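Okay, here's what each chain looks like letter by letter:
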Amino acid sequence: MNTLALLLAASISAPNVDTIREVLAIGPVVRGGRVPFPIDPIQKTIVDGTWIVPKDGDSIDLGDGKKATWQKAVAGDDGRFSGQGFSGGYAYAAYEAAADGFAILRAPGSGTVYVNGVPRAGDPYGYGYLRLPIELKKGKNDLLFATSRGGLQVEIETFIQPIELSLEDATLPDAIVGEDQPLWASLTLHNALPMRLGKVVVRCSIEGQKAIETPQPAVTPMTRFKTRFAIPGKFDKPGEQEVKVELLVDDRTVDVKTFKLAAKEATDLHKRTFISDIDGSVQYYAVLPAKPAEPLGKPPALILSLHGASVEAPSQAAAYGQKSWCLIVCPTNRRPYGFDWEDWGRMDAMEALADAQKRYRYDPQAVYLTGHSMGGHGTWHLGVTFPDKFAAIGPSAGWSSFFSYAGGNWNEEAGDIERMFQRAQNPSRTLDLVGNLNGQAVYVLHGDADDNVPVSEARTMVKALEATHKDFLVHEEPKAGHWWDNSDEPGAACVDWPAMFDLFARRKLPSIKEVRKVQFATANVANSNACHWARIEQQEKWGEISRIDLTVDPLTRKFKGTTTNVAVLALRLRDVVAPGDAVTVELDGKTVTSDKLAENMLWLAKSADGWKIVNGISGKSPLRSGPFKHAFGRKAILVYGTTGTDEENLWSYATARFQAETWGYRANGSFEVVSDKEFDINGTQGRSVILYGNADSNAIWSTLLKGVPINARRGEFGFNRESFKGDDLAFAFAVPRPGLGQPLIGCIGGTGMKGMRLVTRAPFFLSGVAFPDLAVWRTSVLERGFEGVEAAGYFGSDWSVEKGDWAIKK
């Protein structure tokens, strides 16, 4: 019998669920909101290594003469703790285990969980399906929960199956009658064994169709992982079909699950799944197809509709009455809360739109954008980010930005270091980009008695539009709250508003050849760099807002205009100028003429004496640039170190696992986690890599970062002729990965255990929080915020340190 079989046989036990009914709680103690460095005295003790188990009545100093006290709390009859102490605070519980072993922890309401000092992902939104395999030691086990939203429930389950597929949190498609192609789906795999699962396969079968086997990446010990597998996809009639899924490990079947798959007619509301380019995971969107009374003579319009917080995509689609002239596509934002339609939520919306545009017949000049509440904010955000993608937008009950509504922080008197972080936040500053909407029609819809998103949010945006916009309408529904429906017509009036859809029906996207003027601004070319025939390829100051105001005269073959914070500009000539003689470009008062017509693109780079024609670009580009969050893309692999001390190695693995679990929770996806010894450099070309540790503790650090002038070791972090000493430094930076494609290397680590513990909970996956290309900070950030940051900034356009833009603590 092999090792896996022995472990499986030894691990079988009777299922049991223990509900924790008494804890010590303290709070609120965390301050700051959506910031990179919240003030957190409890986390400070964890990072410093001075944390001790609290006793009832123990107090901590919060500053300004304020204290907080640990107090006993008892769960209600439903097993749930509630109250002020469970919002922005902590809760501690001791759990007695009869023997060493494993269990499943379920803790809705937790933000982060420390199990015997090891960080694990939390369930802040209380979904309930986050079940974490944990290791228990005989006797007392310490459980410390960071709480966030006012409640907590804790259950520990002795698990009958050490390896299982869970039907909770499934990502499943609907089948479409008459189509014949595999469908992608995802179930969660729990590995509650202290061993890495190497050869993992998911076999999926439906009666009468050939089974499909889908290999999985290796799964690390004691964690959860969302699988990706194909389902046979041929269905001849509507109804439900049973699907059998088998989990094979080392050619041994370790679990079998079945579920019902719905087959629907093409005209019914349905779900589609696709493979995301971000992380290779299975994502879905809902579609309400057009249902004309008779076949349309032209393709239907396409409306992208973004859901509000806590809403699933099918519910968003069901809020509309089915239309004869348009189909409605509802992406997910990766989760019901997800990323507020920014960061990876924005990318999910555009991936879903692109997938729908491949699958469905639609009119490319009739694409529109709308959404409600959080989705209303997403409508503003995507509208200003992609102004040439939508003919009109219709935000309903939408908030403007994190800085006006959702707990974001913007300091108008920020110092040099904090401004580096603010530059990374600039894409969230909707009002600074509102001029991008001038080429779209806008319908602003809001209830004037909205007690969730105040109507002042809409009025702020309307005031900004009034300055330059010529094509917008506003409707404030009298006495209406956040969600309202005062019509007997199909669909909820607050989203399916007839006047808004009438505006959509009367607006069209121009073809590129019809566009004579481009006014466009962007804060990050990696998010959005193009508008019609003009593209901003590089910025002079990365992260600051760049602007172009250009016109073209196709007959005289002349482009003319102004730029702000643009280092390299590209013009798509073929789309607006017929083949022929040279093209003249006048930029910022300087004129340059091409000696011949480029086949498609004309590239221009700014120099000290004006602009010059260049042959493309090198270095940073829209396909590969910072800031740091962009390292978590291109199917990133998380690589933990094994060449440090035992404590460093345990930290490295635990942090990689913690961040993979957190990503899975917030993004409904999966990152592959491997050790530095297992990592295949050649076999992973084109994929981004996240390295944990430093040059002393991660075996591939020096290999992958060869030539990068950054010294990250025990006791020291050095770059740009600066050296920072101590064991309490945390850092995060992103640089290009050599080789094929456009991947990045993201480095997360510290100069000692204090710095390493500090970086573990950096909020990289929290929308509204941003990090520049590089940042170095000390544990004092947990007491003094940005005052504890030593350095931050951006690499130059050539990715060099020397030409970078840096702020160093004086």
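Report on the accompanying structure. Every residue gets a number counted from 1 within its own chain, in the order that chain's sequence is written. Whole-chain, interface and lining totals are the exception, using all residues; otherwise, since this is a predicted model, local features are given only for residues with pLDDT of at least 70 and side-chain atom pairs are given and counted only at 80 or more. Computation of side-chain values: all heavy atoms of the structure, hydrogens and water removed.

The next thing to look at is the overall build of the protein. Each helix is a run of DSSP H or I of at least 4 residues and each strand a run of E of at least 2, with the numbering of both proceeding from the N terminus. For the protein, the count of helices and strands is 13 helices and 52 strands. Radius of gyration means the value over C-alpha atoms here, while the globule rule gives 2.2 Å times the residue count to the 0.38 power. In terms of overall dimensions, the protein is globule-like: its C-alpha atoms have a radius of gyration of 27 Å, near the 28 Å expected for 810 residues. Across its three principal axes, the protein shows a C-alpha extent of roughly 85 × 70 × 55 Å. Put simply, the protein has 810 residues, and 60% of those count as buried. Should any heavy atoms of two residues lie within 4.5 Å, those residues are counted as being in contact. Here the contacts in the protein between residues at least 6 apart in sequence split such that 71% fall between residues at least 24 apart. Total accessible area computed for the protein in this model is approximately 31300 Å², and 48% of it derives from carbon and sulfur atoms. Averaging the coordinates of the 90 positive side-chain charges in the protein and doing the same for the 97 negative ones gives two points 4 Å apart. Each residue is assigned to one of three classes by its accessible area relative to the maximum for its type, calculated with a 1.4 Å probe on protein chains only: buried under 20%, partly exposed between the two thresholds, exposed over 50%. All accessibility values rest on the Shrake-Rupley procedure with a 1.4 Å probe; residue burial counts only the protein chains present in the view. Counted charges follow a simple rule, with Lys and Arg positive, Asp and Glu negative, and His plus the chain ends left uncounted. For this purpose, a charge sits on NZ of Lys, CZ of Arg, CG of Asp or CD of Glu.

On to the pattern of salt bridges. In what follows, salt bridge is the name for a side-chain nitrogen of Lys or Arg lying within 4 Å of a carboxyl oxygen of Asp or Glu. For the coordinates displayed, the defined rule picks out 53 salt bridges. Each of Arg-131, Glu-157, Glu-164, Glu-168, Asp-255 and Lys-257 takes part in a single network of salt bridges with overlapping partners.

Attention now moves to the sheet that holds strand β18 (residues 200–205). At least two bridges found by DSSP between two strands is the condition for calling them paired. Read from one edge to the other, the open sheet built from five strands follows the order β16-β23-β22-β18-β19, with strand pairing classed as mixed. In this open sheet, the two edge strands, each paired with only one partner strand, are β16 (175–176) and β19 (212–216). Two elements, strand β22 (residues 239–249) and strand β23 (residues 252–264), share 11 bridges in a ladder whose sense is antiparallel. Within β23, the position partnered with Lys-244 by the bridge is Thr-258.

Before going further, it helps to examine unusual backbone geometry. Cis geometry marks the peptide bond from Gly-27 to Pro-28; its omega dihedral reads -5°. Assignment of secondary structure puts Pro-28 in the loop between β2 (22–26) and α2 (41–48). Between Gly-626 and Pro-627 the backbone carries a cis peptide bond, its omega angle lying at 0°. Within the element layout of this structure, Pro-627 appears in the loop between β41 (610–614) and β42 (637–640). Backbone geometry places Asn-116, a non-glycine residue, at a positive phi of 50°. As for its position among the elements, Asn-116 is in the loop between β9 (110–115) and β10 (118–121).

Within the secondary structure, Arg-334 is located in the loop between β27 (326–330) and α4 (344–359). Residue class for Arg-334 comes out buried when judged on its relative accessible area of 2%. Contacts described as polar in this section are N or O atom pairs within 3.5 Å, which, within protein, must combine one atom able to donate a hydrogen with one able to accept it, while residues neighboring in sequence count only if both atoms come from side chains. Among the polar contacts listed, one links the side chain of Arg-334 to the backbone oxygen of Ala-667, at a separation of 2.9 Å.

For the rest of this paragraph, the subject is the packing of aromatic side chains. What describes a pair of aromatic rings is the distance from one ring centre to the other and the angle between the planes of the rings. Pairing of aromatic rings covers Phe, Tyr and Trp, the last counted by its six-membered ring, and requires centre-to-centre distances within 6.5 Å; plane angles under 30 degrees mean stacked, over 60 mean edge-to-face, and any other angle means tilted. Applying the stated rule across the entire model yields 47 aromatic pairs. An angle of 65° between the planes, with centres 5.0 Å apart, marks the rings of Phe-764 and Phe-771 as edge-to-face. Note on Phe-764: relative accessible area 1%, which makes it buried. If you follow Lys-271 out to its NZ or CZ, it ends over the ring of Tyr-284, 5.7 Å from the centre. Geometrically, a lysine NZ or arginine CZ counts as sitting over a ring once it is within 6 Å of the ring centre and also within 35 degrees of the ring normal. Above the ring of Trp-410, the side-chain terminus of Arg-429 is found at 4.1 Å from the ring centroid.

If a probe as big as a water molecule is rolled over the atoms, it shows which places are left empty. Computed over the protein atoms alone on a 1 Å grid, cavities are sets of points where a 1.4 Å probe fits but cannot get out and pockets are open sets with protein on both sides within 12 Å along at least five of seven lines; a residue lines them when it has an atom within 4 Å of a point. Grid points are joined across faces, edges and corners, and a volume is the space filled by probe spheres set on the points. For the coordinates displayed, the defined rule picks out four cavities of 30 Å³ or more. In this structure, the largest cavity spans a volume of roughly 150 Å³. Taken together, 16 residues form the lining of the largest cavity, with Thr-223, Arg-224, Phe-225, Ala-660 and Phe-671 sitting closest to its centre. Counting only elements with at least two residues in the lining of the largest cavity, the list comes to β20 (223–226), α10 (646–667) and β43 (672–675). Roughly 90 Å³ of internal volume is contained in the second largest cavity.

This part is about the pairing of strand β30 (residues 441–447). Of all seven residues that make up β30, seven are buried, and the element is covered over most of its length. Here β30 shows two buried faces, one formed by Ala-441, Tyr-443, Leu-445 and Gly-447 and the other by Val-442, Val-444 and His-446. Sheet topology places strand β29 (residues 392–396) next to β30; three bridges connect them, and they run parallel. When the sheet's bridge partners are listed, Ser-396 is paired in β30 with Leu-445. Viewed with both strands pointing away, a crossover whose connecting path from the first strand over the helix to the second turns clockwise is right-handed. Regarding the hand of the β-α-β motif, the stretch spanning β29, helix α6 (residues 416–425) and β30 is right-handed. Both β30 and strand β31 (residues 472–477) contribute to a ladder of six bridges, which runs parallel. Within β31, the residue paired with Val-442 across the bridge is Phe-472. Where the polypeptide runs from β30 across helix α7 (residues 455–466) and back to β31, its parallel neighbour, the crossover connection is right-handed.

With that out of the way, let us pick up the packing of α4 against helix α5 (residues 374–385). Fitted lines through C-alpha atoms serve as axes, helices being fitted only where they are in contact, and the angles separating the N-to-C directions of these axes extend from 0 to 180 degrees. Where α4 contacts α5, the two axes come as close as 11 Å, and the packing angle between them is 75°. The angle between α4 and α5 places the two elements in the roughly perpendicular class. When α4 is examined against α5, the residues Arg-346, Ala-349 and Met-350 are found in contact with a partner set consisting of His-381, Leu-382 and Thr-385. Residue classes follow a fixed rule: Ala, Val, Leu, Ile, Met, Phe, Trp, Tyr, Cys and Pro count as nonpolar, while Asp, Glu, Lys and Arg count as charged, and any other residue, Gly among them, counts as polar. Classifying every residue of the contact of α4 with α5 gives three nonpolar, two polar and one charged. Each angle gets one of four labels, with under 35 degrees taken as roughly parallel, over 145 as roughly antiparallel, 65 to 115 as roughly perpendicular, and the rest as oblique.

Take Arg-624: it is sitting in the loop between β41 and β42. Here Arg-624 falls in the buried class, since its relative accessible area comes to 15%. Counting along the chain gives 117 residues from Arg-624 to Gly-741, while the straight-line C-alpha distance between them is 9.2 Å. Here the side chain of Arg-624 touches Arg-737 through a polar contact of 2.9 Å, landing on its backbone oxygen.

All right, on to the packing of α2 against helix α12 (residues 753–760) then. Each pair of packed helices can be summarised by the angle the axes make with each other and by the distance between the axes. Running from amino to carboxyl end, α2 crosses α12 at an angle of 140°, the nearest separation of the two axes being 8 Å. On the basis of their axis angle, the class for α2 and α12 is oblique. Together, Gln-43, Ile-46, Val-47 and Asp-48 of α2 and Lys-754, Arg-757 and Leu-758 of α12 make up the contact between the two elements.

For the rest of this paragraph, the subject is α12. Burial of α12 is extensive: six of the eight residues sit out of reach of the surface. Along α12, the residues classified as buried are Met-753, Gly-755, Met-756, Leu-758, Val-759 and Thr-760.

Here we take up the sheet that holds strand β11 (residues 131–136). On the basis of which strands lie adjacent, the open sheet formed by four strands has the order β1-β14-β8-β11 and antiparallel pairing. In the strand order of this sheet, the two ends are held by β1 (16–19) and β11, each with one partner. For this sheet, the mean inter-axis angle between neighbouring strands, taken without regard to orientation, is 30°. Note: β1 against strand β14 (residues 155–158), four bridges, orientation antiparallel. Residue pairing in the sheet places Val-17 in a bridge with Glu-157 of β14.

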